[in-house]
Amino acid sequence: MTRQRILPKCITTVYLAILLAVVYFCRQTGTGQFPLWSCTFFVVLLLSIAVFPLVASEWWSKHYCMFTFLLVVPAAFVVIMEESTLLVHVVEEYLSFIILLGSLFTIAGGVVIRLGARGTPILNCTMLLLGAFFASFIGTTGASMVLIRPMLRANRGRKHVSHIFVFFIFIVSNIGGLLTPLGDPPLFLGFLRGVPFVWTMKLYPFWIFTVFILLVVFYFFDTCMIKKEDESFFLETIDEVSQKKIEIKGKINFIFLLMVLGSLFLPQILREIVMLAALALSIYFTSVALREENAFTYHPIIEVAVLFAGIFVTMAPVIKILEVNGSRLGINEPWQFFWATGTLSSFLDNAPTYLILFSSAQSVAYAQNIVHGLVAGVPEVYLKAISVGAVMMGANTYIGNGPNFMVKAICEENDVGMPSFFGYMAWSLVILTPVFLLITFLFF
């Protein structure tokens, strides 16, 4: 028997053995509480997303769908065995998440912003600052999807550009969304839990402090990198630049974008219907030529949809274990809430992480008999720490926040070499961690 026939049979046998082991251990530990080993599927998927694109990128690009499916099946079985209704809840959350992401991705793909300038450090800083501002009002996903393609076009003539989009993820896809509940899902969940809509405006010192530092760092870094470009990048004459103007095509899509943002205040199901309607209207009313100019395809959203389907299901046991043990985490200081929320938000969905620490902070306030300075039952300083940690530290990894992986996929589709999973984490470790340490000492 040839090796080509033996290998698939061996893999199938091993997989069936794993499924049988899952069934056995679920029956042995069927207490309604998830055992620690049930986190294995999430860890394996996380490591696979990080490692396979490095060591076997071609294989991964062809088989990531099947690989994710093979992890989802046993993880889903564990969830059903331990808490049958949880899987339904996970599917509902995932559908809401991917419909929001998909609608914003499709609608923004019909907006063409033509800039009459090259991607110099000044222009790039200006776009990052605008993105940070708009992220708080149209969401980090909306701002990322609207501005990523203009950013790509402005820097198309440059060879050293990956750092630009790393900072784009830092500032536009995460940190910029701190000022309103529309900016990032955790803050919107806080609003639904009783946090006043305008309360998040109190977080503006964190927003200004972090955005300013990152823009300064980016400006000096980009200035150094642009000096490495070929002379051809600088050959465009002043007359040629002066003849160009900023043009925005596909403006009708801003109406559909507002439809999506407005739907966030609607009840579930109706919200998703409005989002899908906005998506359909965008496809119908946007000319194919505009989408072609944006080099728009559905590949990035398909990749995100598949991988996050796996993440949502395999993450469910991890979230439930944290929920059960949240009050026993021993967290009772603002800086502890900041780092606990941020660390978990770097690898788990920052929305449920926010809720877990939110509930934990309420328990701490009750246990310590704190009755003054509460916001929705949480001491204000704790709520600031939780909010800032959930939003800002989502930038630490590609999977910390939905737009991160989307931006990476769009960049790679446009032939921009982005850092690997661990490579990106090295960037965040070197650049973001010192900023977060400063926030800790200055504010918490």
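Residues numbered from 1 in each chain as written. Predicted model: local features only at pLDDT ≥ 70, side-chain atom pairs only at ≥ 80, totals over all residues. Heavy atoms only, no water.

> Could you clarify how one ought to interpret the nonpolar core in this entry?
A general trend in soluble globular proteins is that nonpolar side chains are found buried together. Ranked by size, the top nonpolar core spans 133 residues in total, and within it Leu 128, Phe 165, Phe 170 and Phe 337 carry the most contacts. Ranked by the residues each element gives to this core, the list is headed by helix 5 (residues 121-154), at 15 residues. Residue contacts for Leu 128: discarding those within four places in its chain leaves Met 151, Phe 167, Phe 168, Ile 171, Val 172, Leu 215 and Phe 218. (Core = buried A, V, L, I, M, F, W, Y, C linked by side-chain atoms within 4.5 Å. Buried < 20%, exposed > 50% of the residue type's maximum accessible area, 1.4 Å probe, protein only. Helix = DSSP H or I, 4+ residues; strand = E, 2+ residues; numbered from the N terminus. Contact = heavy atoms within 4.5 Å.)

> It is not clear to me how the packing of helix 5 against helix 8 (residues 204-226) should be interpreted in this structure. Could you clarify?
A pair of packed helices is captured by two measures, namely the crossing angle of their axes and the spacing between those axes. Orientation of helix 5 relative to helix 8, taken along the N-to-C sense of each, is 155 degrees, at an axis distance of 9 Å. Taken together, the axis directions place helix 5 and helix 8 in an arrangement best described as roughly antiparallel. Like other packed secondary-structure pairs, helix 5 and helix 8 cross with a definite hand, here right-handed. Contacts from Pro 121, Ile 122, Asn 124, Cys 125, Leu 128, Leu 129, Ala 132, Phe 133 and Ser 136 in helix 5 reach Trp 207, Val 211, Leu 215, Phe 218, Tyr 219, Asp 222, Thr 223 and Ile 226 in helix 8. For the contact of helix 5 with helix 8, the class distribution of residues is 13 nonpolar, three polar and one charged. (Axes fitted to C-alpha atoms, helices over the stretch in contact; angles between N-to-C directions. Parallel < 35°, antiparallel > 145°, perpendicular 65-115°, else oblique. Left-handed = near helix turned anticlockwise from the far one by under 90°. Nonpolar A, V, L, I, M, F, W, Y, C, P; charged D, E, K, R; others polar.)

> What exactly am I supposed to notice about the confidence of the model for the protein chain here?
Parts of the model with low pLDDT should not have their predicted coordinates read in detail. Here the protein chain averages 80 in pLDDT, while 86% of its residues score no lower than 70. Per-residue pLDDT stays below 50 along residues 237-243; that stretch engages in two contacts with residues further than four places along the chain or on separate chains. (pLDDT = per-residue confidence, 0-100.)

> Mind showing me how you'd approach a nonpolar patch on the surface here?
Together, Leu 130, Phe 133, Phe 134, Phe 137, Phe 197, Val 198, Met 201 and Phe 265 make up an exposed nonpolar region whose accessible area comes to about 730 Å². Structurally, the position occupied by Met 201 is in the loop between helix 7 (185-192) and helix 8. Met 201 gets classed as partly exposed once you look at its relative accessible area, which sits at 37%. (Patch = residues over 30% accessible without salt bridge, like charges linked within 9 Å, V, L, I, M, F, W, Y side chains within 5 Å. Areas by Shrake-Rupley, 256 points an atom, 1.4 Å probe, with all protein chains shown as cover. Salt bridge = Lys/Arg side-chain N within 4 Å of Asp/Glu carboxyl O.)

> Help me out: how do you make sense of unusual backbone geometry in this one?
With a phi angle near 80 degrees, Ile 269 is a residue other than glycine that sits in the positive phi range. Non-glycine residue Asp 415 carries a positive phi angle of around 65 degrees. Along the chain, Asp 415 falls in the loop between helix 17 (402-413) and helix 18 (421-443).

> Mind showing me how you'd approach helix 11 (residues 270-285) here?
Note: α-helices contain 3.6 residues per turn, so residues at a spacing of three or four share the same orientation. Under the 1.5 Å per step criterion, the end-to-end length of helix 11 is 22 Å for 16 residues, consistent within 8% with the ideal 22 Å. Listed in full, the buried residues belonging to helix 11 are Arg 271, Glu 272, Val 274, Met 275, Ala 278, Leu 279 and Ser 282. Buried residues in helix 11, looked at end-on, bunch into an arc of 160 degrees, giving them a common side. For helix 11, the secondary structure elements touched by its buried residues are helix 4 (84-108), helix 10 (252-263) and helix 12 (288-293). (Expected span 1.5 Å × (residues − 1). Arc of directions from axis to C-beta.)

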